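What follows is the residue order along each chain.
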Amino acid sequence: MTLRSIIFIFTLSLSCKGASQQASAPAAAAAAAAAAAAAAAAAAPQLGIELWNAGETPIVAGSIPPYSYEEQGVAKGVVAELVREMAQRLGQSGHITFLPWARAQKTLATHGEKHALLLLPLTRTPEREARYRWIAELLSDEAVLVTLPRGGEAPLTLDQLRDRPVGALFRSPLAQLLTDRGCQLVDAANDEESNAKKLKAGRIDGWLVARRVAPVVARKVDLPPESLNYGEVLRVNQLYLAGSLAMSEVEVERWRAAFESMKQDGSYERIVAAYPAP
């Protein structure tokens, strides 16, 4: 055998080995994603998360109507419906475990480095940027100051409310925003129903809340939505489906692809249109 033949055979063997490694890389990544999902599913009961089928990526949500809430054991709301549709396109049930909002966030903060978990609906902020995998922006909504026209007064401004009690959701960017803007009496609650009740009872003079949320929650506490005064818009919230840091890039891209397919076939617009903003 000539020297040239030996070199040719050696080069060919290296080429075949490289091609084999490249072909196996996606399979290895997919296997790793499946293993992470399986580990999260196995840990779900210990985390207080329900699953319908083993091997699914556990989904955790706060009860924040009309984004996500539970009614007679069924997940409802515009964000919950979007995420359930995404999950079903990936062959999963889309079952959602509802937890108090502060606990839902703490679940991912405590266990998210080891287990692949999903959380909704989460507002994207600079403070949260490095703590989650930001999978898809599901919706945007205005954060608006809501007051009641006691004595026929016009909507109160933030300047007028700085030394008066103002409600917001506990551990939310809106509660932090009020503090940052100089509000001295921020009265944060674990759920928006409590804020609506406090506004109705006169225990708070203002309520910083997402525009879509205010009328839905007001009805639940027998506060006529038409009685709400909508004042200043303090920010626009971008609501995301967020993943824990343990989610692999392969799994993140699968969920993103499912979301893009919904936009392409009109499913996204159909679901959002069923929940119009006031």
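The rules behind the values
- Within every chain, residues take consecutive numbers counted from 1 along the sequence as written.
- With the structure being a predicted model, the display of local features is reserved for residues of pLDDT at least 70 and the display and counting of side-chain atom pairs for 80 or more, all residues being used for whole-chain, interface and lining totals.
- Heavy atoms from the whole structure form the basis of all side-chain values; hydrogens and water molecules are not counted.
- To qualify as a helix, a DSSP run of H or I must reach at least 4 residues; to qualify as a strand, a run of E must reach at least 2; elements of each kind are numbered from the N terminus.
- The rule is simple: take the accessible area with a 1.4 Å probe, protein chains only, and divide by the maximum for that residue type; under 20% is buried, over 50% is exposed, in between is partly exposed.
- In this description, contact between two residues means that some pair of their heavy atoms is separated by no more than 4.5 Å.
- The method behind every accessible area is Shrake-Rupley, applied with a 1.4 Å probe, and residues are considered shielded solely by the protein chains displayed.
- We call Phe, Tyr and Trp rings a pair once their centres come within 6.5 Å, taking the six-membered ring for Trp, and we label the pair stacked below 30 degrees between planes, edge-to-face above 60, and tilted otherwise.
- Two strands pair if DSSP finds at least two bridges between them.
- Only C-alpha atoms enter the line fits that serve as axes; for helices the fit covers just the stretch in contact. Angles between N-to-C directions range over 0 to 180 degrees.
- Reported orientations rely on four angle classes, namely roughly parallel under 35 degrees, roughly antiparallel over 145, roughly perpendicular from 65 to 115, and oblique for the rest.
- For this classification, the nonpolar set comprises Ala, Val, Leu, Ile, Met, Phe, Trp, Tyr, Cys and Pro, the charged set comprises Asp, Glu, Lys and Arg, and every other residue, Gly included, is treated as polar.
- To form a nonpolar core, buried Ala, Val, Leu, Ile, Met, Phe, Trp, Tyr and Cys residues must be joined to one another through side-chain atoms within 4.5 Å.
- By convention, orient the strands away from the viewer: a clockwise path from the first strand over the helix to the second makes the crossover right-handed.

Draft legend 1. Fine view of the overall build of the protein. Helices and strands together make up the secondary structure of the protein, namely nine helices and ten strands. When burial is assessed residue by residue, the protein has 46% of its 278 residues classed as buried. Sequence separation of 24 or more characterises 71% of the internal contacts of the protein that already satisfy a separation of 6 or more. For the protein, the exposed surface amounts to about 13,500 Å²; the carbon and sulfur share of it is 53%.

Draft legend 2. Broad picture of the packing of aromatic side chains. On inspection of all chains with the given rule, the structure shows three aromatic pairs. Taking 5.6 Å as the distance between ring centres and 65° as the angle between the ring planes, the aromatic pair formed by Tyr132 and Trp134 counts as edge-to-face. Of the two residues examined, Tyr132 and Trp134, each falls in the buried class. When the ring of Phe259 is compared with that of Tyr268, the centres are 5.6 Å apart and the planes differ by 90°; the resulting orientation is edge-to-face.

Draft legend 3. Examining the pairing of strand E10 (residues 229-243) more closely. Note: strand E5 (residues 118-123) against E10, four bridges, orientation antiparallel. Across the sheet, residue Thr123 finds its bridge partner in E10, namely Leu239. Sheet analysis places strand E6 (residues 133-147) next to E10, joined by twelve bridges and oriented antiparallel. Counterpart to Asp141 in the pairing with E10 is Asn237.

Draft legend 4. Fine view of the packing of helix H6 (residues 192-201) against helix H7 (residues 213-220). The contact between H6 and H7 brings their axes to 9 Å, and the two run at 70°. Relative to H7, the element H6 is oriented roughly perpendicular. On H7, the residues touching Glu192, Glu193 and Ala196 of H6 are Val213, Val217 and Lys220. Taken together, the residues of the contact of H6 with H7 break down into three nonpolar, no polar and three charged.

Draft legend 5. Inspection of the nonpolar core at higher detail. Ranked by size, the top nonpolar core spans 63 residues in total, and within it Tyr67, Val78, Leu138, Trp207, Leu241 and Trp255 carry the most contacts. Setting aside its immediate chain neighbours within four residues, Trp255 contacts Thr57, Ile59, Val83, Met86, Ala87, Leu90, Gln92, Leu118, Ile135, Leu241 and Met247. Ala143, Ala168, Leu174 and Leu234 belong to the second largest nonpolar core, which has 14 residues in total.

Draft legend 6. A look at the pairing of strand E8 (residues 186-189). In the sheet, strand E7 (residues 166-169) pairs with E8 via four bridges, with the strands oriented parallel. Note on E8: the bridge partner recorded for Ala168 is Ala188. One crossover worth recording links E7 to the parallel E8 by way of helix H5 (residues 173-180), and it is right-handed.

Draft legend 7. A look at the sheet that holds strand E1 (residues 59-62). Ordered in space as E4-E1-E5-E10-E6-E9-E7-E8, the eight strands form an open sheet in which the pairing is mixed. Both edges of this open sheet fall to strand E4 (96-99) and E8, since each of them pairs with a single strand only. Taking each pair of neighbouring strands and ignoring which way they run, the sheet shows an average axis angle of 30°. Lying over the sheet, H7 contacts E6, strand E9 (206-210) and E10, oriented at roughly 120° with respect to E9.

None of this, on its own, says anything about what the molecule does.
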